[in-house]
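What follows is the residue order along each chain.
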Amino acid sequence: MRKGILSLTAAAALLTFGLAACGDDGGTTAAPDGAASSAGAGAKAAGKIGVILPDSKSSPRWETADRKYLEEAFKAAGVAYDIQNAQGDKTQFQTIADQMITNGATVLMIANLDSGTGKAVLDKAKSQGVATIDYDRLTLGGGAAYYVSFDNVKVGALQGEGLVKCLTDKKADKPIIAELNGSPTDNNATLFKEGYDGVLKQKYDSGDYKKGPDQSVPDWDPAQAGTIFEQMLTEEPKIAGVLAANDNLGNAVITVLKKQKLNGKVPVTGQDAGVQGLQNILAGDQCMTVYKATKKEADAASQLAIALAKGEKPAATGSVKDTESGQDVPAVLLEPQAIYFDNVKDVVADGYVTKDELCTGDFADKCTEAGIQ
């Protein structure tokens, strides 16, 4: 692993149990052949794990990374599992949860669409004796048994620091900053904003920067983000830096900036480090992103889920405060990494994206320039 990326060994060491391989499975909904008989005489067979992903629109990671890595871990452990995506539909989210519980899930892991829907699902699961895990997004007031994510305030701080770095490199003088925040119903978006506002407020207070338009994007929707930013730029044509809360929002901003021939002149942030975001960085249209090594997150969460499915009580290394209930939720929090042009290669080296995906067409020369092997 490259420096600054949490090693798989370190992620595994966060938990106090081991994985046992019990058999094979056959897809998104899988019951491993012979799982019960292979457990040994008198041993308790593992239960079934249900996972609900939120959508495909807010970020491609949910289908291209999270699903893949969770499946790999469950297959390796030989546990039955069912992974479904609610595709942004709150009613469908609850329907999927009900079906999973009815079909025998003993562990339910969710990445909520909002805390209200998530809490209803978690309450139902707990009432049926199903163990619960909040994955990536904390459900406020939900009372999940565990929470696995990245340090999301740190993610936001890296974005704020990144924007400052990029504006400093451009020798910007009292730049006007636009903030394009994530969904107001996503607690992670609140934490990201806490992180980057903590950095930018110092610049606003000192007069080094001027605070410009500041608006959230419902459901992290890139189409709405483009419309919102067009309005921002119409009202304040001298925007000189954009704190975009993820790469999809950042790309929407860049699309608008291109129409005004301002792309590459106005620094734009992001996060997720997917192919599109990294290509925007290679092209010089996006100044930075934040890499959250999804495999580490999926591995940590799957280890918790597998242990719970086997009737164990795994330990987490930390906790987070649920600001609604006031309770401390046992948590595993992983470290994010800031990515700029000169370390895009770290994301490729880590296997999150491949050179073949990234270095297509006009990006081939840029990849060579960035040292991508």
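Residues numbered from 1 in each chain as written. Predicted model: local features only at pLDDT ≥ 70, side-chain atom pairs only at ≥ 80, totals over all residues. Heavy atoms only, no water.

Mind laying out the packing of helix 4 (residues 90–102) against helix 5 (residues 115–127), listing which residues take part and the relevant values?
Following both chains from N to C, one finds helix 4 and helix 5 inclined at 10 degrees, their axes separated by 10 Å at the closest point. When the axes of helix 4 and helix 5 are compared, the pair comes out roughly parallel. Here the hand of the crossing between helix 4 and helix 5 comes out right-handed. Two secondary-structure elements touch here, helix 4 through K90, F93, Q94, A97, D98 and I101 and helix 5 through T117, A120, V121, K124 and A125. (Axes fitted to C-alpha atoms, helices over the stretch in contact; angles between N-to-C directions. Helix = DSSP H or I, 4+ residues; strand = E, 2+ residues; numbered from the N terminus. Parallel < 35°, antiparallel > 145°, perpendicular 65-115°, else oblique. Left-handed = near helix turned anticlockwise from the far one by under 90°. Contact = heavy atoms within 4.5 Å.)

Outline the pairing of strand 5 (residues 131–135), listing residues and values.
Counting buried positions along strand 5 yields five of five residues, so the element is predominantly enclosed. Covered by surrounding structure in strand 5 are A131, I133 and Y135 together with T132 and D134, the residues of both alternating faces. Relative to strand 5, strand 4 (residues 105–110) is paired through four bridges, and the arrangement is parallel. If you follow L108 over to strand 5, its bridge partner there is T132. With helix 5 bridging strand 4 and the parallel strand 5, this β-α-β connection has right-handed handedness. When strand 5 meets strand 6 (residues 146–150), the two strands line up parallel, connected through three bridges. Counterpart to I133 in the pairing with strand 6 is Y146. (Buried < 20%, exposed > 50% of the residue type's maximum accessible area, 1.4 Å probe, protein only. Pairing = 2+ DSSP bridges. Right-handed = clockwise from strand over helix to strand, strands pointing away.)

Give a detailed account of the pattern of salt bridges, specifying residues and quantitative values.
If you walk through the whole model with that rule in mind, you get 23 salt bridges. With its nearest N and O atoms 3.9 Å apart, the salt bridge here joins K292 to D272. Here D272 lies in the loop between helix 9 (247–259) and helix 10 (275–283) and K292 lies in the loop between strand 10 (289–291) and helix 11 (294–309), a separation of 20 residues in the sequence. Each member of the pair, K292 as well as D272, is classed as buried. Taken together, the shared-partner salt bridges in this structure form one network comprising E179, K193, D197, K211 and D214. (Salt bridge = Lys/Arg side-chain N within 4 Å of Asp/Glu carboxyl O.)

Kindly report on the state of the cysteines, identifying the contributing residues and their values.
All told, the structure shown has one disulfide when counted by the stated rule. Between C359 and C367 runs a disulfide, and the two sulfur atoms are separated by 2.0 Å. Given an S-S torsion of about -95 degrees, the disulfide between C359 and C367 has left-handed geometry. In terms of burial, C359 and C367 fall into one category: buried. (Disulfide = S-S within 2.5 Å.)

Lay out the nonpolar core with the relevant residues and their values.
Counting 48 residues, the largest nonpolar core has I49, F74, M109, I133, L278 and L358 as the members making the most contacts within it. The element that contributes the greatest number of residues to this core is helix 11, accounting for eight residues. For L278, the contacting residues outside a window of four places in its chain are A273, T289, I339, V344, V347, V353 and L358. L163, F192, V217 and M288 belong to the second largest nonpolar core, which has 42 residues in total. (Core = buried A, V, L, I, M, F, W, Y, C linked by side-chain atoms within 4.5 Å.)

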